[in-house]
Every structure is written in structure tokens, then in C-alpha cells.
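# Results of the structural survey
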Amino acid sequence: MNVTATLFGQLIVFTVLIWFIKQYLWEPVISTLEARKARVAEGLAAAEEGHKFEEQAQKQVEAELGEAKAQSAELIAQAQKRAAEIVDKAKADAASEADRIKTAAEAEIAMERSRATEELRSQVATLAVSGAEKILGKEIDGAAHAKALDELAAKI
Amino acid sequence: MSEGNAPAISSPVEYIQHHLQNGSIGGKPESLVDFSVFFWDIFAVTVILAGLLAFVSWKVGQNLDPDKPTGIQNVLESIVEFVNQQVQDIFPDADEWIGPLAITIFIMVILMNTMDIIPVDLFPSLVAGVASIFGADPHHVYFKLVPTTNLDTTFALALMVFILVMFYNIKSKGLLGYLKVFVTHPFSAEKTWVKIILAPANVMMTIIEELAKPISMGLRLFGNMFAGELLFLLIALLGVGWAMPGQIVLGSLWSIFHIMVIILQAYIFMLLTVIFLGLASQKAEDH
């Protein structure tokens, strides 16, 4: 339990050791720790940013999806409307065509009928004359009886 | 080994005295302070431990892996982080030397204290055995293993802290500012004549306070470790005969308890160092 010259020896050892520790342990380790801390913080920030980005992308996807859906719905509605229009138009066209054909047919029939009538009329006169000739046994003068024949034909 | 110790156990006082004597150059110290004596044993142990620490530190410091710290790097990293945290908490505007100082004190005191766990007879007997090969009388070869059971070591640390406290005081307050602390502290007054009356008391008190810091630090560590060592020696007195189991049980229990003392004393020494230097670095007196 004495204080001796060893004190100075120990003092020198400790002083040198402190310098050594500072140079070769403390400073490298502290800078490594700092660097690691910085990198961890950086990584966390990057992760956060990535998360945000992902969220944003998700939102954008949703918005675009919604837009696309709306667009497609609109398109479908439009197409349906158009189809209905086309069907309606086709129906109308068909109806008018049918009308037209019917009218034409009717007109033709009427024409045909009147022509037949005319023909019949003209033949009736001849037939009536020849009939009458046979009945009477003598020739009927066409010109003398034209008036009566015409009247007859008009009656048919 | 048994030859060297068998007669000593039969006379406990001689055994303990033998173990408490340092291997020295210049004989036994004559007075409390005797600078003509040099204890080679504790100096050698300190140098070896310091060398070991320096080597491991250098090795780790050279091969720092920032991504995958392994093995001893983890240990040293966590110690550095722990000490750095303590320093930051106590002394936020510490300069670059406080951390290395604190960690060196912390690890070195732990290493030196840990020598206490090594069986008390192992190294003294080894050294005596080696010395007897070279023709020395093994009964007069002394070897103390634990540096911190010696006042030289603890006071060397305390003196270092004391010098640094003065240095930081002068650095932060200036030489005049530091001297002013002695005159105006701890009793302060408003009037000039009261100040003059209080000055001698203040000077006395502050000198005592400043000296008490390192002395109490040195004595605390020394006292704890010396008491621990003494208890190991007393347990060793049980010998290797019928009391052997008692020695093993008591020795184990005290070793386990002593581990706590080892770390606690190192922590206290480190903490006080940082606190004193933190106080010394305060710029102006604020009371």
C-alpha cells in the first residue's frame, strides 16, 4: 500500500493506450457506426419513398381502371343505342320497302286488270257481234250498230 | 507449488503477507510515497493487458465490416456504443478525447480487475517456479497479479483524470477564470469586503474539493479490489485438506459476486471521469 515509481510507468502506459485506442478503435468504430446509422436511415427513407410510390401507383391504377370502366360502359351504351337505331332504321326501311312493293304490285295489278278489262271490252264487242250474227243469221253492219256495241262494251 | 505453499498455509499471516507483497525493483518501499521503488509485476501485467487490448483493438479496427459485424467486433462495437452514449448523455459537448479516454479506462479497469478472478496462487507459484529454475529462492519471489489492488495503478488513473480536469478547466475558463473559482467557490457574496473575508475559506474548500475528487476515485477502486483480493486470500487459507469443498464453494460464490464488483467499479470510474471532465468544461459559473 504505497505509492511508488510504478505510478509513472502506469501513467505512461495508460496515456499511450488512450492515444492508441482513439486512433485505431474509437474513431474507426464510431465512423462505422455513424455510416451504418446513416445507411439505415437512408434505407428506411427509401423504403418509405417506395411505399409512397407504390401507393401512388395503386391510386393511379385505380383511377385509370375506373376511367376505363366508365369509358367502356359509355361505349357499350353507345353501341347499344346505335344497334337499336340500326334495327329501328332497318325496320322502317323494311316497312317502307314493303309498302313500296305493295303499292307497285297493287298498281301493276290495277293496270293489269284495266288492261284485261280493256281487252275484254274490245273482244266483247266482236263476240257480241258474231253471236248476234249467228242468232240473226245475217250480217250486222258494224258501222250501223257501232253505237249500240259501244254502249254494250261500256256496260261490261 | 505445494512445497512453496504448504508451510505458508500453516501460518496464515505469513501467507497473506507474502501474497500482498509486490515483486519490486529497489526493495520494499520505506514510506507511503517512495519513488525509489518500482513494482515490475503489476507494471508487466498492465503492459501485457494494455498490449492485448491494443492488439485486439487494432485488429478489429483494421477489419471493420460495416454490414456483418461478427465476433469480437460486435463486442467492441457495443462497448463503444455504450460508452459513447454515456458520454453523450453526461457531457454533450465533449471533445474528441473524452470518448477514447472513457472507453480506455472502462476496458482497462475491467481487464485489470478481472485478474482478481484468476486463482490467487496460480501466477505467484508459476513465477516462483520459473524464478527457482534460474536459481532464486522461491520464498523470496513476490508476485502480485492484480494491478488495481495497488495504489500506483488506481492513482495513476486518478492523477490522469486530475491533470485533465485542470487542463479542461483552464481550457474552458482560462487560467484566471479557473483561479477565480478557487476564490469565489463554494461561498459567494455580493459585497466586496465579504468576498475578501470568504476568500481564504473558499480557497481551502475548493482545494480540498478538487483533491478529494481524484483521491476518492483512486481509493474507491483500490479499496474495492484490495478487499476482494484479501477475501480470496482468506478463502484460499482453507487449503487443500478437509476444508477443500468449502474453499471451492466460497471461492466460486465470491468470484461470481466479484464479477459484479469488477464491472461496477470500472463503470463508476469511467462515469466519474466523464462527469468531472464535464464539470471542468463548463464555461462560466452560474450561481
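Every chain is numbered on its own, with residues counted from 1 as its sequence reads. As a convention, the first chain written is A and the first ligand written is 1, with the rest following in written order. The model is predicted, so local features are restricted to residues of pLDDT at least 70 and side-chain atom pairs to those at 80 or more, both for listing and for counting; the totals for chains, interfaces and linings are taken over all residues. To obtain the side-chain values, all non-hydrogen atoms of the structure were included, while hydrogens and water were left out.

Only runs of H or I of at least four residues qualify as helices and only runs of E of at least two qualify as strands under DSSP, and these elements are numbered from the N terminus. Check the secondary structure of chain A and you find 2 helices and 1 strand. Starting at the N terminus and ending at the C terminus, chain A contains elements arranged as β-α-α. Radius of gyration here uses only the C-alpha atoms, and the compact-globule reference equals 2.2 Å multiplied by the residue count raised to the power 0.38. For 156 residues, the compact-globule formula gives about 15 Å, and the C-alpha radius of gyration of chain A, at 60 Å, lies well above that figure. Based on the C-alpha atoms only, the size of chain A along its principal axes is roughly 190 × 20 × 15 Å. Categorising residues by exposure relies on relative accessible area from a 1.4 Å probe, with only protein chains included: less than 20% of the type maximum marks a residue as buried, more than 50% marks it as exposed, and the intermediate range marks it as partly exposed. Burial status across chain A gives 19% buried among its 156 residues. To measure how exposed things are, a 1.4 Å probe is used in the Shrake-Rupley method; for residues, cover is taken only from the protein chains shown. Carbon and sulfur atoms make up 61% of the accessible area of chain A, which totals about 11,900 Å². Positive residues here are Lys and Arg, negative ones are Asp and Glu, while His and the chain termini are left out of the count. Charged side chains are reduced to one point each, which is NZ for Lys, CZ for Arg, CG for Asp and CD for Glu. In chain A, 20 side chains carry a positive charge and 26 a negative one; their mean positions are 2 Å apart.

With respect to the helices and strands, Thr4(A) occurs in strand β1 (residues 3-4). A distance of 2.7 Å separates a polar atom in the side chain of Thr4(A) from a polar atom in the side chain of Thr6(A). Any two residues having at least one pair of non-hydrogen atoms within 4.5 Å are treated as being in contact. The contact partners of Thr4(A), leaving out residues within four places of it in the chain, are Pro29(B), Asp34(B), Phe35(B), Val37(B), Phe39(B) and Asp152(B). Nitrogen and oxygen atoms within 3.5 Å of one another constitute a polar contact, given that in protein one can donate a hydrogen and the other can accept it, and given that sequence-neighbouring residues count only through two side-chain atoms.

Attention shifts here to the confidence of the model for chain B. Residues and elements named next belong to chain B. Per residue, pLDDT captures the predictor's confidence, and it can take any value from 0 to 100. When pLDDT is averaged along chain B, the result is 86; 95% of the residues meet or exceed 70. For chain B, the element scoring lowest by mean pLDDT is helix α1 (residues 2-10), at 47; helix α5 (residues 98-114) scores highest, at 93. Ignoring residues within four places in sequence, the model shows residues 1-8, a span with pLDDT below 50, making 9 contacts including any to other chains. Interface confidence in the predicted complex, given as ipTM, is 0.86; pTM for the same model is 0.73.

On average, residues of chain A score 88 in pLDDT, and 95% of them are at 70 or above. By mean pLDDT, the top-scoring element of chain A is helix α1 (residues 6-136) of chain A (91), and the lowest-scoring one is helix α2 (residues 142-155) of chain A (73).

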